[in-house]
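Here is what each chain is made of, one letter per residue.
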Amino acid sequence: AQNGDFRESPRLEKEEEAFWMLTRLMTDGRLSGFYRRHFPLLRRYLWAFDQLAAKHLPELKAHFAKEGVQHGVYLHQWFLTLFINCVPMEMVLVF
C-alpha cells in the first residue's frame, strides 16, 4: 500500500511465507541488484531519478544542487526499503 494503509496489505501468517515473498521479489521482481555488491540496481535508480528530475523538475534540482542536497542521501533508504510497506511490521523486524 503506497499510502501506508496496511489494512490493504497482504498479511503473512508465517515466517516462511515472508521468506518466499522476499525471494520472489529478489528473483522474479529483479530487485536483487539493490542488495548486491556496489548496489548496481540502486545506482541505476538514482541515475534515473537524476535524469527525471533534470527533465521534469529542473528548478528543484538546481535548488538542491545549490544547497548541496544529494538525492542519494534521502532516496537510497526509500529504495532499499520498498518491500517493507507490503508486509506486517512483525515480519520486517524478523529480517
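Residues numbered from 1 in each chain as written. Predicted model: local features only at pLDDT ≥ 70, side-chain atom pairs only at ≥ 80, totals over all residues. Heavy atoms only, no water.

1. Let's talk about the overall build of the chain
Broken down by element type, the chain carries five helices and zero strands. Reading the secondary structure of the chain in the N-to-C direction produces α-α-α-α-α. The buried share of the chain, taken over its 95 residues, is 24%. In the chain, the proportion of contacts linking residues at least 24 apart, taken out of those at least 6 apart, comes to 62%. In the structure as shown, the chain presents an accessible area of about 7600 Å², 58% of it carried by carbon and sulfur atoms. (Helix = DSSP H or I, 4+ residues; strand = E, 2+ residues; numbered from the N terminus. Buried < 20%, exposed > 50% of the residue type's maximum accessible area, 1.4 Å probe, protein only. Contact = heavy atoms within 4.5 Å. Areas by Shrake-Rupley, 256 points an atom, 1.4 Å probe, with all protein chains shown as cover.)

2. Regarding the confidence of the model for the chain
Segments scoring low in pLDDT should not have their predicted coordinates read at a detailed level. Per-residue confidence for the chain gives a mean pLDDT of 78; residues scoring 70 or more make up 71%. Averaged pLDDT values over the elements of the chain bottom out at 61 in helix H5 (residues 89-94) and peak at 95 in helix H3 (residues 58-67). (pLDDT = per-residue confidence, 0-100.)

3. Notes on a nonpolar patch on the surface
On the surface, Val69, Val73 and Tyr74 cluster together into a nonpolar patch covering about 250 Å² of accessible area. Residue position: tyrosine 74 is located in helix H4 (residues 71-80). (Patch = residues over 30% accessible without salt bridge, like charges linked within 9 Å, V, L, I, M, F, W, Y side chains within 5 Å. Salt bridge = Lys/Arg side-chain N within 4 Å of Asp/Glu carboxyl O.)

4. Some remarks on the pattern of salt bridges
Applying the stated rule across the entire model yields two salt bridges. Residues aspartate 28 and arginine 24 are paired through a salt bridge, measuring 2.3 Å at the closest nitrogen-oxygen approach. Arginine 24 gets classed as exposed once you look at its relative accessible area, which sits at 53%. One salt bridge in this structure joins aspartate 50 and lysine 61, with 3.2 Å as the shortest N-O distance. With aspartate 50 in helix H2 (residues 40-56) and lysine 61 in helix H3, this pair connects stretches of sequence that are 11 residues apart.

5. Regarding the nonpolar core
Core analysis: the largest hydrophobic core is formed by nine residues, namely Leu22, Met26, Leu31, Phe34, Leu41, Leu42, Leu46, Leu75 and Phe79. At three residues, H2 tops the list of elements feeding residues into this core. (Core = buried A, V, L, I, M, F, W, Y, C linked by side-chain atoms within 4.5 Å.)

6. Topic: the environment of phenylalanine 39
Positionally, phenylalanine 39 belongs in the loop between helix H1 (15-27) and H2. Of the residues examined, phenylalanine 39 reaches a relative accessible area of 39% and is grouped as partly exposed.

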